Every structure is written in C-alpha cells, then in structure tokens.
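# Architecture and fold: a report
Here is what each chain is made of, one letter per residue.
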Amino acid sequence: MKELLLARWDALSNQEKAILASLALVVLCLMFYAFLWLPVQRGSERLTRDIPVKQAKLLLMRAQAADIERLRGQYKLLSGSPDGLKAAIDVSAKFHGLAPHYPTPAKSSGLEIVLNQTSFDIWIKWAESLQSQNRVRVKSCRITPEGAAGQVRVEAVFTASE
C-alpha cells in the first residue's frame, strides 16, 4: 500500500506535487482552525462574558452572609431580653394570624401568653414555627377545649432557647 502511494507520488509532475502539497496545507490549516482555534476562542468569549456575572453573585453572597451573621448577633441580643422574646412572638403570631394576649409582664424566665378560640392545628404549626425559625420553645402549656370542635384555649409560657 505504501509502495503504491509512493509510486503514484513519484509519477506526478513537480507542479502537481506543489498543488497537492498546497491543498494539504490548506486542509490542515482549516482543520486546526475548526477543531482547535474556534472552540478555544468561543470558550474564551463565554468566560469573558460569564466571569463578571459570577463575581457579582459571589460579592452578593458574601454581603448576604455578613448580613446573616449581623442578624444572628442581633437575635442573640434580643432573645436574651424579655422584650426581644415578646417581639419575636408578636411577629410570628401576626404572620400566622394569631393574636396572643399577655396576662403578665415578660420575665427573664419566660413570657406567658393566652390564645382564646384558636384552632388546635394552627397552634401546633405556630409552636413548631417558633421553635424552628425563631429558636423560641414552649416551656409549659395548658390546652383546654373551647367553643366549636377543634377550637382550644391555650395558656403557654415561652422561653428563648440557646
């Protein structure tokens, strides 16, 4: 096979050999451009476009992380005080559509609340939400049926968990 190709090559004139060599060089250049240069160039353009966007997202995430740490510090200061505990309970109660009453002033040992004619399911969801999102736990609780089926009166004492 090799000998056959060499025999054909030798049979060509110098002008035909020059044309074939030039054609082979052009094909090699086109292959280099299509398979190496073009993908690298497109990748470079994509990175040039994507890197600033990713850097902006990174800066935003760092700023948000700093805000989270700042808010955690504020929460620790608030949850340690009776007024902070009351504020956390008020915000969460309003979000869940509840209106707690405070029969006694807040103490360092906890905050007493009373809910009248409240759905038992809503009470459970609210107590779970306080525990998971606000780190407020139920220290003691007394639930008595009131009014229609599923309606209860809740007397509870909340404390800030560490």
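Residues numbered from 1 in each chain as written. Predicted model: local features only at pLDDT ≥ 70, side-chain atom pairs only at ≥ 80, totals over all residues. Heavy atoms only, no water.

### Focus: a nonpolar patch on the surface
Nonpolar side chains collect at one region of the surface, where Val 27, Leu 28, Met 31, Phe 32, Tyr 33, Phe 35, Leu 36 and Trp 37 lie side by side and expose about 880 Å² of accessible area between them. With respect to the element layout, Tyr 33 can be found in helix H2 (residues 14–79). Of the residues examined, Tyr 33 reaches a relative accessible area of 41% and is grouped as partly exposed. (Patch = residues over 30% accessible without salt bridge, like charges linked within 9 Å, V, L, I, M, F, W, Y side chains within 5 Å. Areas by Shrake-Rupley, 256 points an atom, 1.4 Å probe, with all protein chains shown as cover. Salt bridge = Lys/Arg side-chain N within 4 Å of Asp/Glu carboxyl O. Helix = DSSP H or I, 4+ residues; strand = E, 2+ residues; numbered from the N terminus. Buried < 20%, exposed > 50% of the residue type's maximum accessible area, 1.4 Å probe, protein only.)

### Re the pairing of strand S2 (residues 136–145)
If a strand is regular, its side chains alternate between the two faces of the sheet. The pairing of S2 with strand S3 (residues 151–160) spans 9 bridges and is antiparallel. From the neighbouring strand, Thr 144 faces S3, where its bridge partner is Arg 153. Hairpin connection, S2 to S3: the antiparallel pair is bridged by 5 residues, and Gly 147 has positive phi, about 70°. (Pairing = 2+ DSSP bridges.)

### Examining the nonpolar core
Formed by 16 residues in total, the largest nonpolar core has its most connected members in Ile 89, Ile 113, Leu 115, Trp 123, Trp 126 and Phe 158. Contributions of two or more residues to this core are made by helix H3 (82–95), strand S1 (111–119), helix H4 (120–134) and S3. Beyond its immediate chain neighbours, meaning those up to four positions away, Trp 123 contacts Ile 113, Leu 115, Thr 118, Val 138, Cys 141, Ile 143, Val 154, Ala 156 and Phe 158. (Core = buried A, V, L, I, M, F, W, Y, C linked by side-chain atoms within 4.5 Å. Contact = heavy atoms within 4.5 Å.)

### Here's the deal with the packing of aromatic side chains
With the rule as written, the count across this model stands at 3 aromatic pairs. Ring plane angle 65° and centroid distance 5.9 Å describe the contact between Trp 123 and Trp 126, whose orientation is recorded as edge-to-face. Note that Trp 123 and Trp 126 are positioned in helix H4 at a spacing of 3 residues, about one turn of the helix. Of the two residues, Trp 123 and Trp 126, neither departs from the other in class, the shared state being buried. (Phe/Tyr/Trp six-rings, centres within 6.5 Å; stacked < 30°, edge-to-face > 60°.)

### Observations concerning the environment of Gln 64
Considering the arrangement of structural elements, one finds Gln 64 in helix H2. Relative accessible area serves as the criterion here: at 39%, Gln 64 is assigned to the partly exposed category. Each C-alpha atom, one on Gln 64 and one on Asp 121, is 34 Å from the other, the two residues being 57 residues apart in sequence.

### Quick word on the pattern of salt bridges
Inspection of every chain in the model, using the stated rule, returns 5 salt bridges. Here Asp 50 and Arg 46 are joined by a salt bridge, their closest N and O atoms 4.0 Å apart. Of this pair, Asp 50 and Arg 46 both sit in helix H2, 4 residues apart, roughly one helical turn. For Lys 86, the salt bridge identified is with Asp 90, shortest N-O distance 3.2 Å. Of this pair, Lys 86 and Asp 90 both sit in helix H3, separated by 4 residues, roughly a single helical turn. Classification of Lys 86 as partly exposed rests on a relative accessible area of 29%.

Read these as layout, nothing more, since geometry by itself doesn't imply function.
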